[in-house]
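Geometric and topological summary
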Amino acid sequence: MIILSPLSLADEQYIFTPLELKMDNIANSYVGEPLKKLEQLEILRHDSANSSVAERALIKAYECSLRAGLTPNLAQQNLDKLKQLSQENQYNHSVRAATALCQSDIARQKNSDDYDIAIYKSFLFAQKSKLATLRYWVSLNSNSLFTKYNDMESSERALNTAFKVASDNNDIYRLNISSFELVNTYNKLQQYELALANSIIAQDTIEKLDTQWYQDKIYVSHSTILRNMKKYSESLAFSKKAVIKAKERGDVRESKFILLDIALMYLFQEELQLAKELVKEVLNYSTTFDDQYLLNQGKLLKSYIYLFEKKQEQSTVLFEEVVDYLGRENYILKQLDNWQQLIEIAALANNQQVVVKAQKQYSKLFKQHSAKEHAALVTLLTQVYESIRLDDATITQQKIIQTLEKKAQLEQNYHILILITLILGTLIALFAIKALWRNANIYKANQAEINRQLFYDPLTQCFNRRYFKDVIAKSLMSKDIEDGTSFLVAIDIDNFKSFNDTYGHAAGDVALQSMINSLQSDLRANDRVVRFGGEEFLMVLSPNDSFKVEVVIERIMQLVRSTPIIIEDKPRNITISIGYIPVGKVNHISELDALLNLADKALYLAKENGRNRAVGVYDLQCPASAVDNITIAHKNALLKLTEITPSYTKNSA
C-alpha cells in the first residue's frame, strides 16, 4: 500500500507538457461536443506513441469522463484499461490518480455513494503526481467534496494546489477559477485578508478574459468579505455593482438575493426604511413566482427589521418560521448562518434577550452539526484507505495469477503447442471475421444509444433542450420567409407543484407522461415536442397552407383536459396554460431566444389570467429582444395579444 506524505507547496514547478497543452486545446475547441472531443483524443493518442505512461493514463481518464457524461456503461472500457495500467504501474501516482478519477466520474453519473471515496482517493494520489493537468483537475473536483464535509483545511490545500498549477503556467482562466474558489474557502475559515487578496486576483483575471459571465458572483464574494470585516459602506458598493451585473446577465432571481444582501447592509448602517423597501420588493417577487427559498430569506430580513422596530414577538414568530423551513429542507449550514447573523442584528438593536437566546441555540446546533460532520469525515477516510488497501491487494493477486499462468504456459508440451497454434490460427481467422461483424453491430448500437442519451428526455421520451438547440434551432434559422411561418408554443401544466405535493412525485411523472402522449397523438409529421425542464414543454409547429394555429392550440388544451390520469385508482384531470408566437425569418440564435422569451412571457400571462388558456403574441413592431413586458407593449401598439380559452370553459362559464 502506498503511504502518502502531506502536501508541500514548495518551489517545484508543474508545467504543462506538450501533450497536456494539446488536450487543453481539444477541450477548448470543441466545447459542448463530447463526440468530437473523443475523436480528437483518439487521433492524439495515435500521434503520441512516445508519450509517458502517466500521459496515456491522463488521456484515458479524460475519455472516461466524456463517455461517462454520455452514458456510464460506455466509460467502463476506459476504467478496465486504467485498472490494467495501475496493475502494471502500481507505484505510479499519476496512473493511480487517473484510475480513481475515472471511477469517480462513473460513480457520479450513476449517483453512487462510491463517488466520495473515489474522488478522495484520486486527490491523495494526485498530490504526488508530476502532471500539472491531473493536479489541477483533481484538486478542483475534490474541493466540492471537502466543502460538503466542511473540511475547509483540505479545501484550502486542494485549491492552493490548483492555484499553483495555474500560476506556474500563467494560465489566466485557471487562475481566475482557483482564486475565486479560494475566496469562498478563506471566508469560511474567517481568514478575511487572504480572502480579499484572492478576490482581487479573481477580479484582475476576469477582466483579462473574453467572458465575464459571473462577474456578479465575484462582486458578491468581495462584498461578503468586506461585510465580515465590518466595512459596510465598501461592502454595500460592491453589492450594488453585483445587482447591475446580475441583471445584465438576465439572472433576475440572483439579483433579488443580492438585494437582500444590500438590505442587510442597510440594517447594519441602521437605514431601516431603505432596508424595508428592498425586502418588500423581494417578498413580492418571490410570492409571485412561488420561490419558497427566496421567500423565506426575505422573511428572515423582515424578522430583523421587526427587531429594530421593537416588535420582538413578530420577529420571533417570523424567524422561527424561516428556521423551521430550513430544517425541513435540510439547509443546516444556512440555519447556523442565520442564528449567527441574528446574534449580530440583535446586538445592534440592543436586544440582549435575543442575543443570549440566539447564542445558546447557535452553540447547540453547531455542536450537533460538527459532531455529525466529524463522524462522516472519519467514516469517509476509513473507507478511502480501506479501498486503497483492497486495490493494492487486488493488484498483487493479479500479478501472482499472471506469474502462475506464464509458468504453466512454458511447461506445455512443445508438440501440443504447435498443434494448438495451428488450430488457433484457423479459429482466430474465423473469430476475427465474426468479431469484426459483431463490433460493427456494437458500434452501431452504441452510436444509437449515444444519440438517444443526447437528444431524448429519459422520462417522457420526447426531445430534450439539447435537441432543440442542436437540431430544431438550426432548422428554423435555415428557413426562408417563403417557407411559411412556424410557431413556438410554450406549455406548462397548471398547478403542477400542488399536484406533486398532493399525489407525490411518482404521480407527477405519470401526469407528465400522459400529457406528452396526448400532445404527440395530435402531432403532424413535422411537428416536434421538447421538454425544457420540470413541467415546462415547447411545441414547434411547422408551417402549412391550411394550418390554423388557434384551432390546433384549442384542440390541444381540450385533449389534455379530457384525458384522465389514473392516480390511486381514481381518474384525475389536468389543464395546461400556453404561450405562443409565430416564427418568420430568424438569422441568429439570439433572435430565436428572444422569441422564446416572449412565448414564455405569454405563458405566464395566461397563468395570471386564470390558467387553462393560451395567449398568443402577434404583429411585433420592434425586435423581440426589446420587449420587457408584453402587456405594456400591447398597450403601446408594439404587438398584438390574443387569448384562447377552450370551448368547454366558455360553456361552463
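On a predicted model such as this, the values are computed, not experimentally measured, just so you know. (Residues numbered from 1 in each chain as written. Predicted model: local features only at pLDDT ≥ 70, side-chain atom pairs only at ≥ 80, totals over all residues. Heavy atoms only, no water.)

1. Some points on the overall build of the chain
The number of helices and strands found in the chain is 26 helices and nine strands. Split into buried and exposed, the 653 residues of the chain put 46% on the buried side. Taking the intrachain contacts of the chain between residues at least 6 apart in sequence as the baseline, contacts between residues at least 24 apart amount to 65%. If you sum the accessible surface of the chain, you get close to 34000 Å²; carbon and sulfur atoms cover 52% of it. (Helix = DSSP H or I, 4+ residues; strand = E, 2+ residues; numbered from the N terminus. Buried < 20%, exposed > 50% of the residue type's maximum accessible area, 1.4 Å probe, protein only. Contact = heavy atoms within 4.5 Å. Areas by Shrake-Rupley, 256 points an atom, 1.4 Å probe, with all protein chains shown as cover.)

2. Quick notes on the pattern of salt bridges
Scanning the model with the defined rule gives 29 salt bridges in all. Among the ionic pairs, Glu281 bridges to Lys256, the shortest N-O distance being 2.9 Å. With Glu281 in helix α14 (residues 272-288) and Lys256 in helix α13 (residues 252-268), this residue pair connects regions lying 25 residues apart in the sequence. Of the residues examined, Lys256 reaches a relative accessible area of 9% and is grouped as buried. Salt bridges sharing common partners tie together Asp24, Asp171 and Arg174. (Salt bridge = Lys/Arg side-chain N within 4 Å of Asp/Glu carboxyl O.)

3. Examining the state of the cysteines
Enumeration over the complete set of coordinates arrives at one disulfide. A sulfur-sulfur separation of 2.0 Å characterises the disulfide bridge that pairs Cys64 with Cys102. Where Cys64 bonds to Cys102 through sulfur, the torsion about that S-S bond is close to 80°, and the disulfide is right-handed. Of this pair, Cys64 sits in helix α3 (residues 53-70) while Cys102 is found in helix α5 (residues 93-109), placing the two residues 38 residues apart along the sequence. (Disulfide = S-S within 2.5 Å.)

4. Thoughts on the sheet that holds strand β4 (residues 536-541)
Across the sheet, which stays open at both edges, the seven strands sit in the order β1-β3-β4-β2-β7-β8-β9 with mixed pairing between neighbours. Each edge of the open sheet is held by one strand with a lone partner, namely β1 (463-464) and β9 (640-644). For strand β8 (residues 614-618) and β9, the ladder comprises five bridges, and the chain directions are antiparallel. If you follow Ala614 over to β9, its bridge partner there is Ile644. Sheet strands in contact with helix α20 (residues 465-478) are β1, β2 (486-493), β3 (528-533) and β4, and its direction is about 135° off that of β3. (Pairing = 2+ DSSP bridges. Axes fitted to C-alpha atoms, helices over the stretch in contact; angles between N-to-C directions.)

5. Concerning the environment of Ala275
Looking at the element boundaries, Ala275 is found in helix α14. Those residues within four positions of Ala275 in sequence are excluded, and the remaining contacts are Ala263, Tyr266, Leu267 and Ile305.

6. Overview of the pairing of β2
Of all eight residues in β2, eight are buried, a share of seventy percent or more. Neither face of β2 is left uncovered, since the one carrying Ser486, Leu488, Ala490 and Asp492 and the one carrying Phe487, Val489, Ile491 and Ile493 both have all their residues buried. With six bridges connecting them, β2 and β4 associate as antiparallel partners. Residue pairing in the sheet places Ala490 in a bridge with Leu538 of β4.

7. A word on the confidence of the model for the chain
The pLDDT averaged across the chain works out to 86; a share of 89% of its residues lies at or above 70. Mean pLDDT values over the elements of the chain span from 53, in helix α26 (residues 647-652), up to 95, in α14. This stretch, residues 1-9, has a pLDDT under 50; its non-local contacts, to residues over four places away or in other chains, come to 24 contacts. (pLDDT = per-residue confidence, 0-100.)

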